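Structure assessment
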Amino acid sequence: MKNYSICIVGGGSRYTPDILGMICNNESRFPLKKIVLYDIEAERQEKVGKYAELLFKEYYSQPVEVVYTTDMDEAFKEMDFVFMQIRAGRLKMREQDEKIALKHGCLGQETCGAGGFAYGLRSVPAVVDLIRAVRERCETCWILNYSNPAAIVAEATKRVFPKDHRIINICDMPIAIMDMYAAVLGKARRDLEPKYFGLNHFGWFTHILDKNTGEDYLPQLREILKTPVEVKTEALFEEPSWKSTFHFMSQMIQDYDEYLPNTYLQYYLYPKKMVEKENPNYTRANEVMDGNEKETYTRLEQILSLGKIKGTPYALQADTGCHAEYIVDLATALASNTNEIFLTITKNNGIIENLDSEMMVEVPCRVGTNGVEPLAIGTIPKFYKGLIEGQHAYESLTVDAWEEGSYMKALKALVLNRTVVNTDVAKALLNDLIEANEGYWPELK
Ligand code: NAD
Ligand code: G6P
Ligand code: MN
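In this report, we go over the structure that sits alongside the text. Residue numbering note: each chain is counted from 1, following its sequence as written. Labels follow written order: the first chain is A, the first ligand is 1, and so on. Only residues with pLDDT of 70 or above have their local features reported here, since the model is predicted, and side-chain atom pairs are shown and tallied only from 80 upward, although totals for entire chains, interfaces and linings are computed over all residues. Only hydrogens and water are removed before side-chain values are computed, so all heavy atoms of the structure are retained for them.

**Points about the site of ligand 2**
In the vicinity of ligand 2, the residues found are Arg14, Arg94, Glu110, Asn148, Cys171, Asp172, Met173, His201, Trp242, Tyr264, Arg284 and Val288. What qualifies as a polar contact is a pair of N or O atoms within 3.5 Å, subject to a donor-acceptor requirement within protein and to the restriction that residues adjacent in sequence count only when both atoms come from side chains. Between ligand 2 and the protein, one listed contact pairs an oxygen atom with a side-chain N or O atom of Arg94 at 2.8 Å. A distance of 2.9 Å is found between an oxygen atom of ligand 2 and a side-chain nitrogen or oxygen belonging to Glu110. For ligand 2, the protein covers 92% of the area, taking 390 Å² as the surface of the free molecule. Classification used: nonpolar for Ala, Val, Leu, Ile, Met, Phe, Trp, Tyr, Cys and Pro, charged for Asp, Glu, Lys and Arg, polar for all others including Gly. Residue composition of the shell around ligand 2, by class: five nonpolar, two polar and five charged. Proximity criterion: a residue is near a molecule or strand once any of its heavy atoms comes within 4 Å of it. Areas reported as accessible are Shrake-Rupley estimates using a 1.4 Å probe. Residue values count occlusion only from the protein chains shown.

The structure is reproduced here in structure tokens:
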């Protein structure tokens, strides 16, 4: 079996330690030769890099070359995989996005509404530049991109790199939701096969099939989940705001017939309620900066001061979470031609017959060494088609605004977003966001 070289772009991300752990746990099926961390913040990344050195020394049977660098030549050459998870402007700018939106009475959220729009205009130029830089140094590696807002980033990467089928945009939310379904059913997620359609953070499960028997658990799940359930999946989802998000699924299931919604639909279907829930002075970005981000880096500092991992309270766990599991499983499928089914963001190409073929949709795909192959969906009912087309027009206009440097396209995008709607509000919002994003956004004229 070949040994692989992987570069994690955004090596300093708070998600990197768990991905490294998952890579370690998968040595037998996805063996590693070299791991490179690349980031623009050397100091932040260094802690993760030193952790990686300890981890592979203690837990890997073969020697692994560990590199952490801010040099693109050192990072991108001769890679098999690039895992990308950058946050342009870091959590400080996410805080701005959320607070500015709330100041104007609109939803303030990382990837949805005006927050996601602002993040999109920062993220797209950064991700596109990085992909270009990777391709100048490595023509054939797989680029698996988690960087958000994934729907908008995917629309941009499709436009800029139309023939590059080795760029795959992904999201962990559907499988995080499936972990919850599996827990409710007393099964493992791997026993379940989803049928799903939509855009990223904007989709619906239509069937949850038992891989062995073909039984569809969706009707049963809808009945059970009409009332909020308490199931343990990941530590992150124990946090109050995530708990509330998972519980709100019940409201959506009660209010609508058929299917099971992605959690993110709460923001588009109940924007007023979601704004009312928010504290405009302390948003999710604050929670993450004071919570998960701090905990992650404090843990790393403690590990580094101990100088070891094994035999400490920080010993590597067998399961380091669905976010890490998903990207490692996907890379394994691409490397070893497993032909397993994954939900990825990919060009519609007629899979959903009554939607634009150019649309980047999130659908089940068969994954092997030739890449992702979306599976047929057929036609979708009017309500979902209408919602998706409106949302897609918003996403597409946001990418137009970036490509053309157009204020008018940016304004039209915001007005199309279900969480903004009013032109006067959109204008005031846009003007504030332009000011806050100086140096990150393209100039909008
Ligand atoms: P973070 O701020 O903790 O880490 C991001 C890292 O990216 C930082 O170390 C930062 O210095 C680095 N960075 C920023 N710009 C860069 C650039 N141009 N080149 C190289 N490095 C750069 O953020 P996080 O909370 O760990 O999240 C990372 C990303 O993953 C975000 O985009 C987040 O939205 C995304 N994410 C996506 C999913 C999904 O479902 N698609 C799930 C979880 C996280
Ligand atoms: C899920 C989504 C991601 C999103 C993350 C945000 O994993 O799929 O797209 O970035 O949640 O979580 P946070 O805890 O940062 O609000
Ligand atoms: Mn996501």
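**Considerations on the site of ligand 1**
By nearness alone, 24 residues border ligand 1, and Ser13, Asp39, Arg44, Ile86 and Tyr119 come closest of all. Between ligand 1 and Glu110, the relevant distance is 2.7 Å, taken from an oxygen atom to a side-chain nitrogen or oxygen of the residue. In this structure, Asn148 approaches ligand 1 through a side-chain N or O atom, which is 2.9 Å from an oxygen atom. In isolation ligand 1 exposes 860 Å². Once the protein is present, 95% of that is buried. Grouping the constituent residues of the shell around ligand 1 by class yields nine nonpolar, seven polar and eight charged.

**Quick look at the sheet that holds strand E7 (residues 192-199)**
Strands are labelled as partners when DSSP assigns at least two bridges between them. Here a strand is any run of E in DSSP of at least two residues, a helix any run of H or I of at least four, and the numbering for each starts at the N terminus. Taken in spatial order, the three strands line up as E7-E8-E9 in an open sheet, and their pairing is antiparallel. Only two strands of the sheet have a single partner each, and these edge strands are E7 and strand E9 (260-261). Note that strand E8 (residues 202-210) and E9 share two bridges and pair antiparallel. Pairing of Phe205 across the sheet is with Leu260, part of E9. Across the sheet, helix H15 (residues 382-404) lies against E7 and E8, angled at about 60° from E7, the strand it touches most. Residues are treated as being in contact if the distance between any of their heavy atoms lies within 4.5 Å. To get an axis, a line is fitted to the C-alpha atoms, and for a helix only the part in contact is used. The angle between two axes follows their N-to-C directions and goes from 0 to 180 degrees.

**Quick look at the pattern of salt bridges**
Between Lys or Arg on one side and Asp or Glu on the other, a salt bridge is scored when a side-chain nitrogen of the former is within 4 Å of a carboxyl oxygen of the latter. What the rule picks out here adds up to 38 salt bridges. Measuring nitrogen to oxygen at the nearest pair gives 2.9 Å for the salt bridge that ties Arg87 to Glu110. Of this pair, Arg87 sits in the loop between strand E4 (81-84) and helix H4 (90-103) while Glu110 is found in the loop between H4 and helix H5 (113-137), placing the two residues 23 residues apart along the sequence. The burial state of Arg87 is the same as that of Glu110; both residues are buried. Each residue is assigned to one of three classes by its accessible area relative to the maximum for its type, calculated with a 1.4 Å probe on protein chains only: buried under 20%, partly exposed between the two thresholds, exposed over 50%.

**Things to note about unusual backbone geometry**
Of note, the bond from Asn148 into Pro149 is cis; its omega dihedral lies within 30 degrees of zero at -10°. Tracing the backbone through its elements, the reader meets Pro149 in the loop between strand E5 (142-145) and helix H6 (150-160). A positive phi is found at Glu78, a non-glycine position, where the angle reads about 55°. Mapped onto the fold, Glu78 is located in the loop between helix H3 (72-76) and E4. Judged by relative accessible area, which is 70%, Glu78 ranks as exposed.

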